[in-house]
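Structural overview for review
If you want the building blocks of each chain, they are given just below.
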Amino acid sequence: MTKQELCQKAVDMLKMAYVPYSRFPVGAALECDDGTVYTGCNIENAGYTPTNCAERTAVFKAVSEGHRKFTRIAVAAATERFTAPCGVCRQVLQEFAPDLEVILVNRDGKTLDLTLRELLPYGFDGSYLEE
Ligand code: THU
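The paragraphs below set out a description of the structure included in this document. What you see is a predicted model; the values in this text were computed from it and never measured.

**Focus: the pattern of salt bridges**
Under the criterion given, the structure shown has 5 salt bridges. Where R117 meets D99, a salt bridge forms, and the shortest distance between an N and an O atom there is 3.0 Å. On the criterion of sequence distance, the pair formed by R117 in helix 4 (residues 116-119) and D99 in the loop between helix 3 (87-96) and strand 4 (101-105) is long-range, its members being 18 residues apart. With a shortest N-O distance of 3.9 Å, R107 and D108 are connected by a salt bridge. Where salt bridges share partners, they join E80, R107 and D108 into one cluster.

**Structural notes on helix 1 (residues 3-12)**
Within helix 1, burial applies to L6, C7 and A10. Considered in projection along helix 1, the buried side chains sweep an arc of 100° and stay on one side of the axis. Against the buried residues of helix 1 lie strand 1 (26-32), strand 2 (37-41), strand 3 (70-77), strand 4 and strand 5 (111-115).

**Focus: the site of the ligand**
The immediate surroundings of the ligand are formed by S22, F24, V26, N42, E44, T51, C53, A54, E55, A84, P85 and C86. The backbone of A54 places a nitrogen or oxygen atom 2.9 Å from an oxygen atom of the ligand. Relative to its unbound accessible area of 380 Å², the ligand is 79% covered by the protein chains.

**Looking at the pairing of strand 4**
Counted residue by residue, strand 4 has 4 buried out of 5 residues, so it is predominantly covered. In the sheet, strand 3 pairs with strand 4 via 5 bridges, with the strands oriented parallel. Paired with V75 across the two strands is L104, which belongs to strand 4. Handedness of the β-α-β unit built from strand 3, helix 3 and strand 4 comes out right-handed. Inspection of the sheet shows strand 4 paired to strand 5 by 5 bridges, in the antiparallel sense. Counterpart to L104 in the pairing with strand 5 is L112. Where strand 4 folds back on strand 5, the antiparallel hairpin that results is connected by 5 residues, among which G109 adopts a positive phi of roughly 85°.

**Focus on the side chain of E55**
Residue position: E55 is located in helix 2 (residues 54-64). Although buried, E55 forms no salt bridge, and the nearest oppositely charged side chain, R56, lies 6.6 Å from it. Beyond its immediate chain neighbours, meaning those up to four positions away, E55 contacts V26, A28, I73, V75, P85 and C89.

**Re the pairing of strand 3**
Burial analysis of strand 3 places 7 of its 8 residues in the buried class, the great majority of the element. Note: strand 1 against strand 3, 7 bridges, orientation antiparallel. Among the inter-strand pairings, G27 is bridged to a residue of strand 3, identified as A76.

**What to know about the sheet that holds strand 1**
Overall, mixed pairing links the 5 strands, which are arranged 2-1-3-4-5 in an open sheet. Each edge of the sheet is formed by a strand with only one pairing partner; in this case those strands are strand 2 and strand 5. Put simply, the sheet's adjacent strands are angled 20° from each other on average, direction ignored. Running over the sheet, helix 1 touches strand 1, strand 2, strand 3, strand 4 and strand 5 and is turned about 50° from strand 3.

Definitions and limits used
Residue positions are given per chain, counting from 1 as you read along its sequence in written order. Under the rules for a predicted model, residues below a pLDDT of 70 receive no local features and side-chain atom pairs below 80 are neither given nor counted, while totals for whole chains, interfaces and linings still include all residues. The side-chain numbers reported here are obtained from all heavy atoms of the structure, hydrogens and water having been left aside. Any carboxyl oxygen of Asp or Glu within 4 Å of a side-chain nitrogen of Lys or Arg constitutes a salt bridge here. Helix numbering and strand numbering both begin at the N terminus, where a helix is a DSSP run of H or I of at least 4 residues and a strand a DSSP run of E of at least 2. Accessibility here uses a 1.4 Å probe with only protein chains present; expressed as a share of the type maximum, an area under 20% marks a residue as buried, one over 50% as exposed, and anything in between as partly exposed. The arc refers to the directions leading from the helix axis to the C-beta atoms. Contacts are residue-level and defined by heavy atoms, with any inter-residue pair within 4.5 Å sufficient. By convention in these notes, a residue is near a molecule or strand provided one of its non-hydrogen atoms lies within 4 Å of it. Contacts described as polar in this section are N or O atom pairs within 3.5 Å, which, within protein, must combine one atom able to donate a hydrogen with one able to accept it, while residues neighboring in sequence count only if both atoms come from side chains. Residue-level accessible areas treat just the shown protein chains as cover; the underlying method is Shrake-Rupley with a 1.4 Å probe. In this description, strands pair whenever DSSP reports at least two bridges between them. A crossover gets the label right-handed when its path from the first strand over the helix to the second runs clockwise, viewed with the strands pointing away from the viewer. The charged-residue count follows a simple rule in which Lys and Arg add positive charge and Asp and Glu add negative charge, with His and chain termini not counted at all. Every axis in this analysis is a line fitted to C-alpha atoms, fitted for helices over the stretch in contact. Angles between the N-to-C directions lie between 0 and 180 degrees.

Following this line, the structure appears as structure tokens:
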């Protein structure tokens, strides 16, 4: 899949976002190492804390369907600035894909290519638990 196609899938998920509280839709498209793509949107909750971000929705969908290796994720938001994954999502992404490429898409369709290592330097992972 081309970068543009992956980004379009993230943009298409904006309309699926359940955001009655923030009115801040986010869409994500996560590419697996075999080329399969899982999409996600943010899903909010009146209790606020149970809210799930778009990125984690995509990861949890993929992992629950047997995928654990990911190559790229596109994250779209309707903002002029590039909206980057929150800290919790960075940690969840790192668990499965420390070398993940992260593509941010703004409201104009402009993109910013980053890596998860740039977004989460010195991340905590399972190797620490083995020392
Ligand atoms: N949100 C995401 O889904 N992904 C991000 O990268 C940033 C934040 C959501 C969570 C919440 O539903 C709304 O955006 C406002 O924080």
